[in-house]
Amino acid sequence: MKLSLALGLLSIIGGADAFSTSRSFSPRIKSQLHMATAGSLGCRPIGIGSAAPKTIITNSDLEDVVETSDEWISTRTGISQRRVLQHEETIKGLATDAGKQALEMSGVDPEDIDLVICATSSSDDLFGDATSIAAALGCKNAMGFDLTAACSGFLFSTVTAGQFLNNPSNMKNALVVGADALSRWVDWDDRNSCILFGDGAGAMVLTRDKGSHGVLGYSAHSNGGGYDELNLGYCGSPRMVATPGDGTTLSEGSYKKIAMNGREVYKFATREVPRVLNEALEAADLTVDDVDWLLLHQANIRIMETVASRLGMPMEKVITNLADYGNTSAASIPIALDEAVRSGKVKKGDVIACAGFGAGLSWGSAILRWG
Ligand code: UT7
């Protein structure tokens with residue numbers, strides 16, 4: 001593709017400010033230009049919230065479910081317990097709680113939210129949860145839709161919301177939700193994967209702000225060549241419909257369970273996450289030394305340790321709550337950010353390097369300045 005065409009398309013995707021002079025690309029990024037890496041989006045995060053189910057399953061509880069031990073799970077993953085939705089509970093309920101908290105912190109009136117994106121792979125409704133979450137929150141002027149990118153969903157949704165706010169549209173405020181209930185889709189007979197996942201929701205309010213730089217840079221990737229390493233595929237059963245003649249065999253819908261090659265996902269994450277963080281930092285004209293906090297998708301403490309070490313960052317700068325929640329997929333980054341902000345760890349002006357990775361395969365990074 002000609003460079004001029006690529007630049008043109010990128011400026012469309014990245015919005016008017018993607019090539020603003022205040023946030024220019026480093027030479028390396030310029031020479032390796034790809035479509036989903038850009039500098040500042042003219043918006044900033046101003047509210048965050050989260051919610052998790054009350055029901056807790058500890059590692060010791062899982063010893064009664066599969067052949068495992070608290071010791072194996074803690075040392076191999078860093079997880080101690082996970083929260084799970086019970087049968088009658090909904091992921092929309094958690095997402096709404098999280099959204100309410102984020103709106104309250106932001107001070108934005110729900111009617112002034114223009115966009116609600118719900119990042120999820122496990123919505124209550126296959127047609128999407130964003131519109132009913134918006135309705136429950138009173139965001140009656142918002143356009144809402146779901147975005148599925150597995151554990152990268154919150155990152156991809158933040159970038160997508162930033163494009164809307166950065167473009168010359170009427171949109172001023174967006175609510176980005178990450179919500180997943182993977183306990184519904186885990187194979188509870190598979191000790192390789194059932195020990196990892198938990199349920200939860202987080203939400204963040206982004207507001208348009210051309211003068212400040214709250215989403216400083218981002219980079220996002222996917223590679224369907226790795227699809228087999230982690231998926232949750234369709235698995236319908238035959239359903240005869242009595243159309244004229246012999247009838248038609250259709251498919252009655254349902255899904256399989258989560259299938260994961262843990263070792264391959266581990267290798268992919270430790271290889272790609274440091275790279276994508278460096279790409280986003282370069283797009284933001286920053287270096288690792290400018291980063292106050294590293295916030296990775298909460299999947300495995302060993303992945304976080306390896307990524308931090310590859311970036312040359314001490315573990316004291318790594319935000320993690322994996323021990324208490326397990327891997328909550330699209331919800332893991334906003335839940336951890338919410339706790340870090342509310343506990344006073346993350347302060348206004350702090351730079352947070354976030355990265356998500358997961359099924360697709362997909363991975364991405366966004367560099368945020370809080371507040
Ligand atoms: O959101 C993104 C999604 N996923 C991830 O990020 C997952 C990335 N991968 C991982 O976190 C790790 O690969 C796992 C935690 C899934 C597995 O840890 P590992 O250190 O890579 O273990 P392994 O798969 O190499 O298995 C080592 C051994 C095997 O036994 P053998 O073959 O050596 O006898 C497994 O059968 O550990 C065994 N094992 C277990 N033992 C006790 C696997 N799961 C368990 C278990 N309890 N729950």
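Residue positions within a chain follow its written sequence, with the count starting from 1. Two thresholds apply to this predicted model, a pLDDT of at least 70 for residue-level local features and 80 or more for giving and counting side-chain atom pairs, whereas whole-chain, interface and lining totals are computed over all residues.

Draft legend 1. Spatial organisation of the sheet that holds strand S8 (residues 199–208). Reading across from one edge, S2-S8-S7-S5-S6 is the order of the 5 strands in this open sheet, with mixed pairing throughout. This sheet does not close on itself; its edge strands, each paired only once, are strand S2 (43–51) and strand S6 (143–147). Geometrically, the sheet is characterised by an average inter-axis angle of 15 degrees between neighbouring strands, direction not taken into account. Here 5 bridges tie strand S5 (residues 115–119) to strand S7 (residues 173–181), and the two strands are oriented parallel to one another. Directly across from Leu115, in S7, lies its bridge partner Ala174. Across the sheet, helix H5 (residues 91–106) lies against S2, S5, S7 and S8, angled at about 135 degrees from S2, the strand it touches most. Helix-sheet contacts for helix H6 (residues 130–137) involve S5, S6 and S7, and the interaxial angle to S5 is about 125 degrees. A pair of strands is treated as paired once DSSP finds two or more bridges between them. Helix and strand assignments follow DSSP, with helices taken as H or I runs no shorter than four residues and strands as E runs no shorter than two, numbered in order from the N terminus. Note on method: axes are straight lines fitted to C-alpha atoms, helices fitted across the in-contact stretch only, with angles between N-to-C directions ranging 0 to 180 degrees. Note on contacts: each residue gets a C-beta atom placed from the backbone, and two residues are in contact if those atoms are within 7 Å.

Draft legend 2. Highlighting the site of the ligand. Contact assignment follows one rule, namely that a residue is near a molecule or strand if its backbone-placed C-beta atom lies within 6 Å of it. Near the ligand, the surroundings consist of 20 residues, among which Thr68, Gly262, Tyr266, Ala299 and Asn300 are the closest. Residue assignment for the shell around the ligand shows that the elements contributing at least two residues are helix H4 (70–77), helix H8 (191–194) and helix H9 (262–283). With 5 residues, H9 is the single largest residue contributor to the shell around the ligand. Looking at the shell around the ligand residue by residue, the class counts come to 10 nonpolar, 7 polar and 3 charged. In this classification, Asp, Glu, Lys and Arg are treated as charged, Ala, Val, Leu, Ile, Met, Phe, Trp, Tyr, Cys and Pro as nonpolar, and every other residue, Gly included, as polar.

Draft legend 3. Focus on the confidence of the model for the protein. In the predicted model, the protein carries a mean pLDDT of 91, and the fraction of residues at 70 or more is 90%. Per-residue confidence from the predictor is reported as pLDDT, which spans 0 to 100. Taken together, the stretch residues 1–33 has pLDDT below 50 and engages in 41 contacts with residues farther than four places along the chain or on a different chain.

Draft legend 4. How the structure looks around the packing of H5 against H6. The geometry of H5 relative to H6 is characterised by a closest axis approach of 9 Å and an angle of 50 degrees between their N-to-C directions. One way to sum up the angle between H5 and H6 is to call them oblique. By crossing handedness, the relation of H5 to H6 is classed as right-handed. Facing Lys92, Ala95, Thr96, Gly99, Lys100 and Leu103 of H5, the residues of H6 in contact are Ser132, Ile133, Ala136 and Leu137. Of the residues belonging to the contact of H5 with H6, the class tally is 5 nonpolar, 3 polar and 2 charged. Should an angle fall under 35 degrees it is called roughly parallel, over 145 degrees roughly antiparallel, and 65 to 115 degrees roughly perpendicular, with every other angle called oblique. Working rule for handedness: look at the near helix, and if it is turned counterclockwise from the far one by less than a right angle, call the crossing left-handed; if clockwise, right-handed.

Draft legend 5. Summary view of the nonpolar core. Membership of the largest hydrophobic core comes to 111 residues, with the highest contact counts inside it found for Val116, Ile117, Ala174 and Val177. Broken down by element, this core gets its largest block of residues, 9 residues, from H9. In this structure Val177 touches Ala95, Ala98, Gly99, Val116, Ile117, Cys118, Ala119, Ile133, Ala201 and Ala203, once residues within four positions along its chain are discounted. For our purposes the nonpolar core covers buried Ala, Val, Leu, Ile, Met, Phe, Trp, Tyr and Cys residues that link as a set through C-beta atoms within 7 Å. Buried, partly exposed and exposed are defined by the number of other C-beta atoms within 10 Å of a residue's own C-beta, namely 20 or more, between the two limits, and 12 or fewer respectively, with C-beta atoms placed from the backbone.

Draft legend 6. Structural context of helix H10 (residues 301–311). Taken together, the buried positions of H10 are Ile301, Ile303, Met304 and Val307. Across the axial projection of H10, the buried residues extend over an arc of 155 degrees, all falling on one side. Buried-residue contacts for H10 involve H4, H9, strand S14 (293–296) and helix H11 (322–325). One or two residues past the end of H10 sits Gly312, with phi positive at roughly 75 degrees. The directions from the helix axis to the C-beta atoms are what the arc is built from.

Draft legend 7. Spatial organisation of helix H7 (residues 153–166). With 14 residues, H7 extends 19 Å between its outermost C-alpha atoms, agreeing within 8% with the 20 Å of an ideal straight helix rising 1.5 Å per residue. Within H7, 12 of the 14 residues are buried, which leaves the element mostly enclosed by the surrounding structure. All of the buried residues along H7 are Gly153, Phe154, Leu155, Phe156, Ser157, Thr158, Val159, Ala161, Gly162, Phe164, Leu165 and Asn166. Multiplying one less than the number of residues by 1.5 Å gives the expected span of a helix.

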